[in-house]
Amino acid sequence: MSHAIRFGIWALVHGNRAALQDPDEPYDASFARNRALILEAESLGYDSTLVAQHTINPHDERLDQLEAWTASAALAALTSRIEIITAIKPYLYHPVVLAKMALQIEEISGGRFAINLVNAWNRPELERAGIGFAEHDERYAYGEEWLSVVRRLLAGERVTHAGRHFNVQEYELRPTSRFRARPRIYVGGESAPARQLVADQGDVWFINGQPLDDVKSLIDDVSGRPRSGAPLRFGLSAFVVARETDAEAEEAHRHLLELAAKDAPLKAIQTANTDPKVVMMQTMAKSPRVGTNGGTAAGLVGSYDRVAERILAFHALGIETFMLQFQPFEREMRRFAAEVMPRVRARQATPRRKAGGHG
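Residues numbered from 1 in each chain as written. Predicted model: local features only at pLDDT ≥ 70, side-chain atom pairs only at ≥ 80, totals over all residues. Heavy atoms only, no water.

Novice: Kindly report on the packing of aromatic side chains, identifying the contributing residues and their values.
Specialist: What the rule picks out here adds up to eleven aromatic pairs. Between F326 and F329, the ring centres sit 5.4 Å apart and the planes meet at 85°, which makes this aromatic pair edge-to-face. Each member of the pair, F326 as well as F329, is classed as buried. Members of the aromatic cluster, each reached through a chain of ring pairs, are F7, Y46, F314, F322, F326, F329 and F336. (Phe/Tyr/Trp six-rings, centres within 6.5 Å; stacked < 30°, edge-to-face > 60°. Buried < 20%, exposed > 50% of the residue type's maximum accessible area, 1.4 Å probe, protein only.)

Quick look at the structure:
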């Protein structure tokens, strides 16, 4: 592979990633916790963090929710090496305002900032604000035009744009990035409009956790599309349950599934608030799993050696960045850094036999 494997973590913007009623991980979505988490992740060798954006907690509106962009600016000032990727739902910010914010965090971070465009699935966030929740493909049409303006502004262009949604005249932002051409652009979503959007304008495509064969099909489809500029790169979301043996990992996974089952009433509310056309939710409904954005469906459940081999199999398909979830998060993040990361690095450094079948 032309790019080394990179490991990242999901910030705990709305607390636990798998089960909200875990006695080993009391609910905490505070900035204090996220600051400590990401500083520790950086010290452990993680390369990146993804700060998801919600204004209202998507699981239970009574629970705390970290604000993504103000928190990311603070994290940029506190960290020194880790990449900070912040999600953005285009309807919440005008492209001129968002581009200015992104360039400021790029400056604060010293060139370690990226945006992650997502086109929204949680209906109440937009509807209750009076913004409205457009139909799925219309949200992507809006996002495509929005990103076309943001992308040019991030690169320091003087932008004039007259489109269906935006009318921008002779707009130029300073300072631009002093460290590279512009901040990196990640794009999420797996629907047909999402795939075209990332092929046209993204730098990295975030794929939700799923089996190897499914990930291969997605990569083959998008990487084969016409594109200008550098080749598209790929990231994968995954929830990790790694232990000394496969049996121990499966038992820990079963325990998390049991805990997650207690959240069924909240999941029902979340489902009712979700656009049924969102492919991520369709994918997650295929089989039991824990975690968000595909969770354990990526198969990073097993012994340390098995998880390391699975990561290398995904890397052979083209996955560069693994955006990981754990529970209890801090304890399992440390375990992964101590046990799985060294195994992955060691296997990369020595010749490997061909990976086993996909699944």
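Novice: Can you explain the pattern of salt bridges? Please cite residues and give values.
Specialist: Tallying each qualifying case throughout the model produces 31 salt bridges. Between E138 and R164 there is a salt bridge whose closest N-O contact spans 3.0 Å. Taken together, the residues span a long stretch of sequence, with E138 in helix α5 (residues 136–154) and R164 in the loop between β5 (159–162) and β6 (167–171) at a distance of 26 residues. Residue classification places R164 among the exposed positions, given a relative accessible area of 63%. Salt-bridge contacts for R174 lead to E172; the nearest nitrogen and oxygen are separated by 2.6 Å. When its relative accessible area of 45% is taken as the criterion, R174 is described as partly exposed. (Salt bridge = Lys/Arg side-chain N within 4 Å of Asp/Glu carboxyl O. Helix = DSSP H or I, 4+ residues; strand = E, 2+ residues; numbered from the N terminus.)

Novice: A description of the sheet that holds strand β8 (residues 204–207) should follow, citing residues and the corresponding values.
Specialist: Two orientations exist for strands paired in a sheet by backbone hydrogen bonds: parallel and antiparallel. Here eight strands make up a closed barrel; going around it, the order is β1-β2-β3-β4-β7-β8-β9-β12 and the pairing parallel. Averaged over all neighbouring strand pairs, the angle between strand axes comes to 25°, with direction disregarded. Sheet topology places strand β9 (residues 233–239) next to strand β12 (residues 319–325); six bridges connect them, and they run parallel. Counted as the bridge partner of F239 is Q325 from β12. Helix α6 (residues 192–201) contacts β4 (113–117), β7 (184–188) and β8 of the sheet and is inclined by roughly 170° relative to β7. (Pairing = 2+ DSSP bridges. Axes fitted to C-alpha atoms, helices over the stretch in contact; angles between N-to-C directions. Contact = heavy atoms within 4.5 Å.)

Novice: Quick one: what's the story with helix α3 (residues 95–109), residue by residue and with numbers?
Specialist: A turn of α-helix holds 3.6 residues, and therefore any two residues three or four places apart point the same way. For α3, built from 15 residues, the straight-helix expectation of 21 Å at 1.5 Å per residue is met to within 8% by its first-to-last C-alpha distance of 21 Å. Just past α3, the residue G110 takes up positive phi, approximately 75°. (Expected span 1.5 Å × (residues − 1).)

Novice: Tell me about the packing of helix α1 (residues 31–44) against helix α12 (residues 329–349), and name the residues and values.
Specialist: For the pair α1 and α12, the least separation of the axes is 11 Å and the interaxial angle reads 5°. Regarding the angle of α1 to α12, the classification is roughly parallel. Across from R33, L37, E40, A41 and L44 in α1, the residues of α12 making contact are F329, E330, M333, R334, A337 and M341. (Parallel < 35°, antiparallel > 145°, perpendicular 65-115°, else oblique.)

Novice: Explain the nonpolar core to me, using residue names and the numbers behind them.
Specialist: Membership of the largest hydrophobic core comes to 94 residues, with the highest contact counts inside it found for F7, Y46, I311, F314 and F336. Formed by eleven residues, the second largest nonpolar core is a distinct cluster that contains V241, A252, L256 and V290. (Core = buried A, V, L, I, M, F, W, Y, C linked by side-chain atoms within 4.5 Å.)

Novice: Tell me about helix α2 (residues 68–78), and please be specific about residues and values.
Specialist: Taken as a whole, α2 has its buried residues at A68, W69, A71, S72, L75 and A76. End-on view of α2: buried residues confined to an arc of 155°, all on one side of the axis. Facing away from the buried side of α2, by more than 90 degrees, are the exposed residues T70 and A77. Its side-chain oxygen 3.1 Å from the backbone nitrogen of W69, E67 forms the N-cap of α2. (Arc of directions from axis to C-beta. Polar contact = N/O pair within 3.5 Å; in protein donor to acceptor, adjacent residues only side chain to side chain.)

Novice: Describe the pairing of strand β3 (residues 83–88), and please don't skip the residues or the numbers.
Specialist: By the criterion of burial, β3 is predominantly enclosed, with six of the six residues buried. Alternating residues of β3 divide into E83, I85 and A87 and I84, T86 and I88, and every residue in both groups is buried. Judged from the five bridges that link them, β3 and β4 form a sheet pairing that is parallel. The partner of T86 across the bridge, within β4, is I115. Crossover β3 to β4 through α3 is right-handed. (Right-handed = clockwise from strand over helix to strand, strands pointing away.)

Novice: An account of unusual backbone geometry is needed here, citing residue identities and associated values.
Specialist: Backbone torsion omega between R174 and P175 reads 0°, so that peptide bond is classified as cis. With respect to the helices and strands, the residue P175 is situated in the loop between β6 and β7. The backbone of E170 sits at a positive phi, close to 50°, despite the residue not being glycine. Looking at the secondary structure, you find E170 in strand β6. Residue class for E170 comes out partly exposed when judged on its relative accessible area of 48%. Phi is positive for N293, which is not a glycine, with a value near 50°. Along the polypeptide, N293 turns up in the loop between α10 (279–284) and β11 (301–303). Residue class for N293 comes out buried when judged on its relative accessible area of 16%.

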